[in-house]
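Residue-level listing of the chains:
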Amino acid sequence: MKNRSLKTLFTICLLGQVFVSVLLAQGWERIYFAEPNGDMPYASSFAQNIFLQADGSFIFGANIQGAERLLFTDSNGLITDLRSVPNATGGMIRSSDGNFVYAFRSSGNAPPEEDVYLRKYDENGNIIWTHAPTGYLFGNEGVTDLIQTSTGDYVFVGGQASFSPQRLKAYITKVDEAGNTVWKRESVELPETNIFNNRVVETPDGGFFMVASSSWFTVNSPLLTSAHKIDQNGNLVWMGSLEDAVQTEEMILTSDGEIFVFGQNMNNELSLNHIDETGNTISSVVYPAEVGSGNIASGLIETNDGGFAFLLYVDFDMIRLVKTDDAGSVEWVQDYGGPFRDTPGSFIQLPDDGFLIAGSANGEGEDQSLYLIRTDELGNSLTDIIEGYVTYDINEDCNVEPDTEQGLEDWIVGAAGSTGTFYAAVSADGYYQIEAGADDYTVSLSLPNAYWNACVNDVAITHTDTSQVDFAVQSVEQCPLMEVEIQNYGLRLCETSTLHVLCRNAGTILAEDVYVEVTLDDSLSLLSATLPFTDLGNNTYSFTVGDIDFLEATSFAIEVQIGCDISLMGQSLCTEAHIFPDSTCLPIDETWTGASIELRADCVDSEVRFEIENVGTAPMADPLQYTIIEDHVIMLDGETFGPLNPDEIIEVPLAGNGSFFRLESEQEPGHPGLSMPSAFVEGCGTSEQGTISLGFVNQYPLDDADHYIDINCSEVLAAYDPNAKSALPLGYRAAHYIEPNTTINYKIQFQNVGTSFARNVVVLDRLPQVVDPASIRVGSSSHPYDFELLNDGVVRFTFTDINLPDSTTDERLSQGFVQFSIEQDPDLAPGTVIENEAAIFFDANPAIITNRTFHTIGQDFITVDVGEVSSPAIEVTAYPNPFQWSTTIEVETILQSNFTLELLDAQGRRLKTVEMNDNRYELHRSDLPSGIYFYRIYSTRGLINTGRIMAQ
């Protein structure tokens, strides 16, 4: 949960190189299900009314999965009991005898159609009495406020409709402790035809002051707030209107007998008005937009120090608590809430000056859950937190000075303890906050590259309540480090598309004269761009970016036309972006010769032509090896080439048969950067059936691991899911195999398919357990966003004021996307599955859950060509091969048949004969020794395939 003050509440003291402090506090946040001490499975539940017990425990009026309940907790908010009651939400108070009283209205289909009832019950839900006052003809009464008087009686107020004449009037009713009507008065003299939130307080003389305001107002029908002073016998003493009209949310009587009215004024501003008993304004405070104008008020109380506090529901998203002094001036503001749509119910102040808030919380794509928040006297709820600042220590004194030093936004801090590691992303001002229980932790800052170093890192702390750990970061090298990303929404045949290019300087000094060279696929035509460009030929363009300061980023867009040739359908069109300067200040491995291997691929007259070139400045030291993959089968493995001299090229021609061909090569040892040379050809020639192989390009990693190059390959589609998640590399075959330690790049697409524009969009992504949150790198997007890494492993992208049009108004502009990359946990075991999905929120609408992506960790999983197949309609593969633990032998065919597998050793002795379920058989290593084995596969028609596998 996020609890972040809008006002600085403490002064930071700097002690040497690192500051670690423990601060006293007493808050907590709880999200509960229906069972006592249950955890977070989300249910439709919320808490509203709060009652403090003499022993410091609490009772909450709550609705649990549609049922009214009294919820009992201890002082720490842990549930101790749950009891069914007639009603626990809405207008409910606790009487002086410890029982509960609530007012409600009961609907009927005959006059009186809707009349108010008052009911009293005990802690176990047993009804003591029910009060049903005599209704007015066609009364349609509602109740909006209920109090117990100093004499033990009850007074409630509300609205009452009449149809002759037609108007909505205010009323007030008093009943005694036994539930008998003492008196009832209606405001027949009032001229207004609509009232809103009728409120009442008992005045020091034993009488009552009541206000009621318009339920709606316009320029032609201005806001009006009526007021009545009534004596203890129900007689009207005075009536009129407030001097300053307020659409009343709350009215309270302070401990010194003063009346304050709180609500929206005619300008939709929150206003706190001090009035006298004749409706005149003594003083008024109007709150600015950043505090809460236009938001929904959910309570006003007088605080223990004579000031005020009020609760707001902000932007249909979070809960806000505002504390003021006795004049109504703001002292502090605190926000609470999780990923989306957390709602306040009510709140009280406690004897220790802290606050207790009840409401509901939303999780990722789930329904509301009961949400309890306890704070300290400054509104801090997350007292079990590790917090601090991460700033650029430009004067190199190893002191953190957040007021004058640049915050290192989006860097990741982790706290590793006995129960796990917890994370947070650094905000724009350098602040981070991690929720963590009492434990011993090592707090670490994840550095994005070797150009940066923290004065002190991996700080050991003993955390009991609130700890502060600051990080001063200095530059190691004075050098720019340019990064580039290129992305699009998707490519559709014969339509236009927008390529978004992100340019980022992750280095330590200004990068001057930055430019980006973009090479488009031959089937893409450049139409326009948001930056000046130069045509370099061969569908390559140079874009002038200009200077980019360190830790800054900029982006530009390119409009392209996709070709209309129907044969492009399903093919992958690739764009490559190369940013300059692309040099590095990092030291070069002394063992590197200077040779550099580059691979190219082309299709000429239905022939695949691969080229291997040494583009470096020196000869290769020794021969290297290359591999050629056809579709998902290795056809050539470990082929040797070189040594090559500078600019020397060797060609590897292949007959184009419609297959996907990929060439991979080793890189010269010690080569700087992360280059993994590869090249591929798709759709060269056709098979005997006149088809081509599609969908293989993104199964394999692209050669863009270096920071200054990015390659994007997108399949041409007829249509695509507008709200979807994708992951690259796609992974090998149906299991989506990838190697351990492979970086995964996620893209989340969204589109407003509603009927009106979306003001805000929020994307939530719960990271898989087997990836490293500290390694996350946020990337390009269609629109600006704010990034957060929440404590429970949820990534949140917030697109504020995106104002996304609906798809019927502007289909292209209704779309958006965001992408990020992340590393796996080191050396994951084969068979580990990495699954991920995202939730997309458009304003206050329910979440749209994307498809789920997944990868399986494997090794040596690319199939080696294992044997001849008797029919072109049948394909047999074995993967992984060679294998260590198990291999899957699979027959792919449209033919309906049962298959039998025979396994033989190298001497031809039959080891086993099995029936293949679903055309596949998973062979486990068991007690098989290392070596070569052969298999035979039979169908009902006889032998269809023989092959070879190897156990390592």
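Student: Give a description of the overall build of the protein that names residues and reports values.
Tutor: A tally of helices and strands in the protein yields zero helices and 76 strands. Within the protein, the proportion of its 952 residues that are buried is 53%. Considering only contacts within the protein whose residues lie at least 6 apart along the sequence, 61% involve residues at least 24 apart.

Student: Outline the sheet that holds strand E40 (residues 482–488), supporting the account with residue identities and numerical values.
Tutor: If you trace the four strands from one edge of the open sheet to the other, you get E40-E42-E47-E44, paired in antiparallel fashion. Edge positions in the open sheet fall to E40 and strand E44 (524–529), since each of these has one partner strand only. Between one strand axis and the next, the sheet turns by 30 degrees as a mean value, whatever way the strands run. In this structure, E40 lies alongside strand E42 (residues 496–505), joined through seven bridges in antiparallel fashion.

Student: Just give me the short version of the sheet that holds strand E70 (residues 874–879), but keep the residues and values in it.
Tutor: Strand order in this open sheet of three strands is E70-E71-E74, and the pairing throughout is antiparallel. The two strands at the open ends of the sheet, each matched to only one other strand, are E70 and strand E74 (920–924). The sheet shows a mean angle of 10 degrees between the axes of neighbouring strands, taken without regard to direction. With six bridges joining them, E70 and strand E71 (residues 886–893) adopt antiparallel strand pairing. Of the residues in E71, the one forming a bridge with Thr 877 is Glu 890.

Student: Help me get a handle on the pattern of salt bridges, residues and values and all.
Tutor: Applying the stated criterion across every chain yields a total of 31 salt bridges. Residue Glu 123 pairs with Arg 94 through a salt bridge whose shortest N-O separation is 2.5 Å. Taken as a pair, Glu 123 in the loop between strand E10 (114–121) and strand E11 (127–131) and Arg 94 in strand E8 (residues 92–94) lie far apart in primary sequence, 29 residues in all. Residue class for Glu 123 comes out partly exposed when judged on its relative accessible area of 26%. A salt bridge links Glu 837 to Arg 852, with the shortest nitrogen-to-oxygen separation between them at 3.4 Å. In this pair, Glu 837 sits in the loop between strand E65 (833–836) and strand E66 (838–842) while Arg 852 sits in the loop between strand E67 (848–849) and strand E68 (853–857), placing the two residues 15 residues apart along the sequence. A single network of salt bridges, built from pairs that share partners, joins Asp 81, Arg 83, Arg 94 and Glu 123.

Student: Which residues make up a negative patch on the surface, and what values do they have?
Tutor: A contiguous patch of negative charge on the surface is contributed by Glu 512, Asp 513, Asp 547, Asp 549 and Glu 552. Relative to the assigned elements, Asp 513 resides in strand E43 (residues 511–519).

Student: Describe the packing of aromatic side chains, naming the residues involved and giving the relevant values.
Tutor: Enumeration over the complete set of coordinates arrives at 35 aromatic pairs. Judged by centre distance (4.6 Å) and plane angle (55 degrees), the ring pair of Phe 260 and Phe 308 falls under tilted. Of this pair, Phe 260 sits in strand E21 (residues 259–264) while Phe 308 sits in strand E25 (residues 308–314), placing them 48 residues apart in sequence. For the pair shown, Phe 260 and Phe 308 are each scored as buried. Taken together, the ring pairs connect Tyr 746, Phe 750, Tyr 785, Phe 787, Phe 797, Phe 799, Phe 820 and Phe 842 into an aromatic cluster. The side chain of Lys 725 reaches across the aromatic face of Tyr 746, ending 4.1 Å from its centre.

Student: Would you mind going over the pairing of strand E38 (residues 466–469) in detail, with residue names and values included?
Tutor: The two faces of E38 match: Thr 466 and Gln 468 on one face and Ser 467 and Val 469 on the other face are all buried. Pairing of strand E31 (residues 385–392) with E38, which is carried by three bridges, proceeds in the parallel orientation. Of the residues in E38, the one forming a bridge with Ile 385 is Thr 466.

Student: Tell me about the environment of Thr 743, residues and numbers included.
Tutor: Position of Thr 743 relative to the elements: it lies in the loop between strand E58 (737–738) and strand E59 (744–751). Measuring from C-alpha to C-alpha, the distance between Thr 743 and Ala 705 comes to 9.0 Å, with 38 residues separating the pair along the chain. Each residue touching Thr 743, except ones within four places of it in the same chain, is listed here: Leu 728, Pro 729, Ser 821, Ile 822 and Glu 823. Here Glu 823 takes part through its side chain, which lies 2.8 Å from a polar atom of the side chain of Thr 743.

Student: So what's going on with the nonpolar core? Residues and values would help.
Tutor: With 45 residues, the main nonpolar core has Val 516 and Ile 558 as its most contacted residues. For this core, the secondary-structure elements that each account for two or more residues are E40, E42, E43, E44, strand E46 (540–548), strand E47 (553–562), strand E48 (572–580) and strand E56 (709–717). The residues contacting Ile 558, other than those within four sequence positions of it, are Ser 497, Thr 498, Leu 499, Val 501, Val 518, Leu 526, Ser 528, Ala 529 and Phe 543. Ala 758, Phe 787, Ile 802 and Ile 834 belong to the second largest nonpolar core, which has 33 residues in total.

Student: Run through the side chain of Thr 149, naming residues and quoting values.
Tutor: Relative to the helices and strands, Thr 149 is located in the loop between strand E12 (142–148) and strand E13 (154–163). At 2.9 Å, the side chain of Thr 149 forms a polar contact with the side chain of Thr 151. Leave out the neighbours within four places in its chain, and Thr 149 touches Val 155, Glu 202 and Phe 208.

Student: Mind laying out the state of the cysteines, listing which residues take part and the relevant values?
Tutor: The final tally for this structure, using the stated rule, is five disulfides. A sulfur-sulfur distance of 2.2 Å marks the disulfide that ties Cys 479 to Cys 585. Here the disulfide of Cys 479 and Cys 585 is right-handed, its torsion about the S-S bond being about 90 degrees. With Cys 479 in the loop between strand E39 (471–475) and E40 and Cys 585 in the loop between E48 and strand E49 (597–604), the pair connects residues that are 106 residues apart, well separated along the chain. Of the residues examined, Cys 585 reaches a relative accessible area of 30% and is grouped as partly exposed. Paired by a disulfide, Cys 574 and Cys 713 hold their sulfur atoms 2.1 Å apart. Taking the torsion about the S-S bond as the criterion, the Cys 574 to Cys 713 disulfide, at about 115 degrees, is right-handed. You can see Cys 574 sitting in strand E48 and its partner Cys 713 sitting in strand E56, a full 139 residues away along the chain.

Student: Can you explain the environment of Pro 846? Please cite residues and give values.
Tutor: As for its placement among the helices and strands, Pro 846 is situated in the loop between E66 and E67. The sequence separation of Pro 846 and Arg 341 amounts to 505 residues, and the corresponding C-alpha distance is 9.6 Å. With near-sequence residues (within four places) excluded, Pro 846 lies in contact with Arg 341, Ile 840 and Phe 841.

Student: Can you lay out unusual backbone geometry for me, pointing to particular residues and giving the numbers?
Tutor: Pro 581 follows Phe 580 through a cis peptide bond whose omega is 5 degrees. With respect to the element layout, Pro 581 can be found in the loop between E48 and E49. Note that the residue after Leu 728, namely Pro 729, is joined by a cis bond; omega there is 0 degrees. With phi around 60 degrees, Ser 606 is a residue other than glycine that occupies positive phi space.

Student: Can you lay out the confidence of the model for the protein for me, pointing to particular residues and giving the numbers?
Tutor: Looking at the protein as a whole, its pLDDT mean stands at 85, while 88% of the residues score no less than 70. Predicted confidence is poor over residues 33–42, with pLDDT under 50, and the contacts of this stretch with residues over four places away or in other chains come to 25 contacts. Within the model, the stretch residues 188–193 combines pLDDT values under 50 with 13 contacts to residues more than four positions away or in other chains.

Student: Mind laying out the side chain of Ser 780, listing which residues take part and the relevant values?
Tutor: As for its position among the elements, Ser 780 is in strand E61 (residues 771–781). Beyond its immediate stretch of four places on either side in the chain, Ser 780 contacts Glu 485, Gln 487, Leu 502, Phe 817, Val 818 and Gln 819.

What counts and how
Chains are numbered independently. Their residues run from 1 in the order of the written sequence. Totals for whole chains, interfaces and linings use all residues, but because this is a predicted model, local features are given only for residues with pLDDT of at least 70 and pairs of side-chain atoms are given and counted only at 80 or more. Side-chain measures here rest on the full set of heavy atoms in the structure, leaving out hydrogens and waters. Put simply, DSSP H or I for four residues or longer makes a helix, DSSP E for two residues or longer makes a strand, and each gets a number counted from the N terminus. Accessible area is worked out with a 1.4 Å probe on protein chains only. A residue is then buried under 20% of its type maximum, exposed over 50%, and partly exposed in between. Between two residues, a contact is recorded if the distance between any of their heavy atoms is within 4.5 Å. The rule for pairing is simple: two strands pair if DSSP sees at least two bridges between them. Axis definition: a line fitted to C-alpha atoms, over the contacting stretch in the case of helices. Angles run 0 to 180 degrees between N-to-C directions. Salt bridges are defined by distance alone: a side-chain nitrogen of Lys or Arg within 4 Å of a carboxyl oxygen of Asp or Glu. Like-charged residues within 9 Å of one another, or nonpolar side chains (Val, Leu, Ile, Met, Phe, Trp, Tyr) within 5 Å, are grouped into patches, provided each residue has over 30% relative accessible area and no salt bridge. All accessibility values rest on the Shrake-Rupley procedure with a 1.4 Å probe; residue burial counts only the protein chains present in the view. Lys and Arg are tallied as positive, Asp and Glu as negative. Neither His nor the chain termini are counted. To locate a charge, the coordinates of NZ of Lys, CZ of Arg, CG of Asp or CD of Glu are taken. Note on ring pairs: Phe, Tyr and Trp rings are taken, using the six-membered ring of Trp, and paired if centres are within 6.5 Å. Classes follow the plane angle, with under 30 degrees stacked, over 60 edge-to-face and the rest tilted. Charge-over-ring placement is defined geometrically: NZ (Lys) or CZ (Arg) within 6 Å of the ring centre, and within 35 degrees of the ring normal. Side-chain atoms alone can form a polar contact between residues adjacent in sequence; in general such a contact is a pair of N or O atoms within 3.5 Å, and within protein one must be able to donate a hydrogen while the other accepts it. Throughout, nonpolar core names a set of buried Ala, Val, Leu, Ile, Met, Phe, Trp, Tyr and Cys residues whose side chains join them through atoms within 4.5 Å. In this description, the term disulfide denotes a pair of cysteine sulfurs within 2.5 Å. Per-residue confidence from the predictor is reported as pLDDT, a score between 0 and 100.

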